[in-house]
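So you can see what is in the structure, the chains are spelled out below.
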Amino acid sequence: MPRRVSIHDLRAMKQRGDKIAMVTCYDYTSAKIVEELGFPIVLVGDSLGMVVLGHESTLRVTLDMMIHHSKAVSRALKKAMLVIDLPFASYSSSDLPTSLKNAGRAMAEGGAQAVKVEGGRRMAPVVGTLAASGIPVMGHIGLTPQSIHMIGGYRVQGRTKEAADRLMAAALALEDAGAFSIVLELVPAPLAQQISEKLTIPTIGIGAGPGCDGQVQVFHDIMGMYEDFLPKHAKRYANVAEVIRKAARAYKEDVEQGRFPTAGQSFEMDAVLDGKAGDEPAKP
Ligand code: KIV
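Residue indices follow the written sequence of each chain, beginning from 1 at its first position. Confidence filtering applies because this is a predicted model: local features only for residues at pLDDT of at least 70, side-chain atom pairs given and counted only at 80 or more, and all residues used for totals across whole chains, interfaces and linings. The basis for every side-chain value is the complete set of heavy atoms in the structure, and neither hydrogens nor water enter the calculation.

Trainee: Please clarify how the sheet that holds strand S7 (residues 203-206) should be interpreted in this entry.
Mentor: What links the strands of a sheet is backbone hydrogen bonding, and the strands pair in either a parallel or an antiparallel sense. We call two strands paired when DSSP finds no fewer than two bridges between them. Helix and strand definitions follow DSSP, with helices as H or I runs of at least four residues and strands as E runs of at least two, each counted in order from the N terminus. On the basis of which strands lie adjacent, the closed barrel formed by eight strands has the order S1-S2-S3-S4-S5-S6-S7-S8 and parallel pairing. Between one strand and the next, the sheet's axes are offset by a mean angle of 25 degrees, whatever the strand orientation. Bridge analysis of strand S3 (residues 81-85) against strand S4 (residues 114-116) gives three bridges, and the strand direction is parallel. By the bridge assignment, Asp85 is partnered in S4 with Lys116. All axes are obtained by fitting lines to C-alpha atoms, using only the stretch in contact for helices, and the reported angles, taken between N-to-C directions, cover 0 to 180 degrees.

Trainee: What am I meant to see in a nonpolar patch on the surface here?
Mentor: Exposure above 30% relative accessible area and the lack of any salt bridge qualify a residue for a patch; like charges then connect within 9 Å, and the nonpolar side chains Val, Leu, Ile, Met, Phe, Trp and Tyr within 5 Å. The Shrake-Rupley method, run with a 1.4 Å probe sphere, supplies the accessible areas, and residue values consider only the shown protein chains as cover. Within this document, salt bridges are pairs made up of a side-chain nitrogen of Lys or Arg and a carboxyl oxygen of Asp or Glu, the two lying within 4 Å of each other. Taken together, Tyr251, Val255 and Phe260 make up a surface patch of nonpolar side chains, about 290 Å² in accessible area. Tracing the backbone through its elements, the reader meets Val255 in helix H11 (residues 240-256).

Trainee: Looking at this structure, how should I read the layout of surface pockets?
Mentor: A water-sized probe, rolled over the atoms, reveals where empty space remains. Put plainly, a pocket is an open set of points on a 1 Å grid over the protein atoms alone with protein on both sides within 12 Å along at least five of seven lines, a cavity is a set where a 1.4 Å probe fits but cannot get out, and a lining residue has an atom within 4 Å of a point. Grid points are joined across faces, edges and corners, and a volume is the space filled by probe spheres set on the points. Here the largest pocket defines a volume of roughly 820 Å³. Together, 36 residues line the largest pocket, and Tyr154, Glu185, Ile206, Pro231 and His233 are the ones closest to its centre. Every element with two or more residues in the lining of the largest pocket is listed here: helix H3 (48-51) and strand S6 (181-185). Nonpolar residues are Ala, Val, Leu, Ile, Met, Phe, Trp, Tyr, Cys and Pro. Charged residues are Asp, Glu, Lys and Arg, and all others, Gly as well, are polar. Residues of the lining of the largest pocket, tallied by class, amount to 19 nonpolar, eight polar and nine charged. Quantified by volume, the second largest pocket comes out at close to 420 Å³. If you go around the second largest pocket, you meet 19 residues; those closest to its centre are Gly142, Thr144, Gln157, Arg166 and Leu167. Put simply, the parts of the chain that give the lining of the second largest pocket at least two residues each are strand S5 (137-142), helix H7 (148-151) and helix H8 (161-177). The element best represented in the lining of the second largest pocket is H8, accounting for four residues.

Trainee: How should H11 be read in this particular structure?
Mentor: Within an α-helix, residues lying three or four positions from one another point in the same direction, as the helix has 3.6 residues per turn. Under the convention used throughout, the expected extent of a helix is 1.5 Å for every residue step, that is, one less than its residue count. An ideal rise of 1.5 Å per residue puts 24 Å on 17 residues; H11 measures up with 24 Å between its terminal C-alpha atoms. Once H11 finishes, Gly258 follows within two positions and takes phi at roughly 75 degrees, a positive value.

Trainee: Would you mind showing me how to read the pattern of salt bridges here?
Mentor: Side chains carrying opposite charge are able to pair once their charged atoms draw close together. Here the structure, examined in full by the defined rule, presents eleven salt bridges. Notably, a salt bridge pairs Lys252 with Glu256, separated by 3.1 Å at the nearest N-O pair. Placement of both Lys252 and Glu256 in helix H11 is noted, with a separation of four residues, approximately one turn of the helix. Here Arg259 and Asp254 are joined by a salt bridge, their closest N and O atoms 2.8 Å apart. In this structure Arg259 comes out as partly exposed when scored by relative accessible area, which is 46%. Partly exposed residues are those whose accessible area sits between 20% and 50% of the maximum for their type, while under 20% is buried and over 50% is exposed, using a 1.4 Å probe and protein chains only.

Trainee: Please clarify how the pairing of S5 should be interpreted in this entry.
Mentor: Note on strand geometry: in a regular strand, side chains alternate between the two faces of the sheet. The element S5 is largely enclosed, with a buried count of six among its six residues. The side-chain alternation of S5 yields two buried faces, one formed by Val137, Gly139 and Ile141 and the other by Met138, His140 and Gly142. Where S4 and S5 come together, two bridges link them in parallel fashion. Residue pairing across strands places Val115 opposite Val137, the latter belonging to S5. Taken together, S4, helix H6 (residues 124-132) and S5 constitute a β-α-β crossover, and its handedness is right-handed. Handedness rule for crossovers: strands pointing away from the viewer, path from the first strand over the helix to the second running clockwise, crossover right-handed.

Trainee: Would you mind going over the site of the ligand with me for this structure?
Mentor: For this description, a residue counts as near a given molecule or strand if any of its non-hydrogen atoms is within 4 Å of it. As a matter of local geometry, the ligand sits amid Thr24, Leu43, Gly45, Asp46, Ser47, Asp85, Lys116, His140, Ile206, Val216 and Val218. Two N or O atoms count as a polar contact when they lie within 3.5 Å, although within protein this holds only if one can serve as hydrogen donor and the other as acceptor, and sequence-adjacent residues are included solely when both atoms are side-chain atoms. Between Ser47 and the ligand, the recorded distance is 2.5 Å, taken from a side-chain N or O atom to an oxygen atom. One of the side-chain nitrogen or oxygen atoms of Lys116 is found 2.9 Å away from an oxygen atom of the ligand. Against a free-state accessible area of 260 Å², the protein chains account for coverage of 95% of the ligand. Its residues assigned to classes, the shell around the ligand comprises four nonpolar, four polar and three charged.

Trainee: Just to check I follow, could you spell out the packing of helix H4 (residues 63-74) against helix H5 (residues 96-110) for this structure?
Mentor: Axes are the key here: two packed helices are described by the angle between their axes and the distance separating the axes. In contact at an axis separation of 8 Å, H4 and H5 are set at 30 degrees when each is read in the N-to-C sense. Classified by the interaxial angle, the pair formed by H4 and H5 is roughly parallel. The crossing of H4 and H5 is right-handed. On H5, the residues that touch Leu63, Asp64, Ile67, Ser70, Lys71 and Ser74 of H4 are Asn102, Arg105, Ala106, Glu109 and Gly110. Residues of the contact of H4 with H5, tallied by class, amount to three nonpolar, four polar and four charged. If an angle is under 35 degrees, it is roughly parallel; if it is over 145, roughly antiparallel; if it lies from 65 to 115, roughly perpendicular; otherwise it is oblique. By definition, turning the near helix anticlockwise from the far helix through less than a right angle yields a left-handed crossing, and turning it clockwise yields a right-handed one. Should any heavy atoms of two residues lie within 4.5 Å, those residues are counted as being in contact.

Trainee: How do you make sense of unusual backbone geometry when you look at a structure like this?
Mentor: Excluding glycine, residues mostly have negative phi values, and the peptide bonds linking residues are mostly trans. The omega torsion across Phe260 and Pro261 is 0 degrees, close enough to zero to call that bond cis. Note that Pro261 resides in the loop between H11 and helix H12 (270-273). The phi torsion at Ala89 lies on the positive side, around 65 degrees, for a residue other than glycine. Of note in the backbone geometry, Leu186 takes a positive phi value of approximately 50 degrees without being a glycine. Inspection of the secondary structure assignment puts Leu186 in the loop between S6 and helix H9 (189-198).

Structure follows, in structure tokens:
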């Protein structure tokens, strides 16, 4: 049984200067590939609300949805650390018992090794409570999509001196509260680098430049599977949507033209006639 990547391994990676590659995953099949490639950390992000479920934002994602997808991913991950997003309104500094109960469900039912929460200084009590209960917590500051209606749009955060100071203070407060790592989303690269240098815990950037200790991207963005929108910070490494489109079109045409199935994909009657119906395996 391979040893699972721990929060201590991630901190050691930062100390050695090894960059941490993180990616989101929402299903068993892609998680198997990500595990095989040796990603140390995988996020079941609430971005699944958009790229898998077709919602406009992450706000419609529930804890049950997160757990459903996390269970699938957890069946594939033997070594990578699985982090699960706590979804919108499932945690709050004004209701720490509910936050703890929901984080506990996400870990126990979802099979995760850590949770992620969005928000700056105001989230320090949540981080402290969960960490004190043995739940590793990843923070998430900068652009926090669960607060999109407060922020007023998906835009870069921390551009002014005042906003940058607030983000630095938030990062330090979350580290002090016990976060094992912090995602910096849509933060100017020089600020993300300063935060990364100041913290002892690893920062994971998304749209935060190369100075972070690691990077995270949404699986469907980098694979070219989600065509509604490609964020500026994402790089397409493949055009999987086009591969699927081509294959699905070929299948449809084959069915319509009577080219599929052929004898090779069909079963003969003799197994039925000699009383062995059902013995012929449908799968190899
Ligand atoms: O939900 C998500 O995928 C995330 C990452 C983009 C950091 O929070």
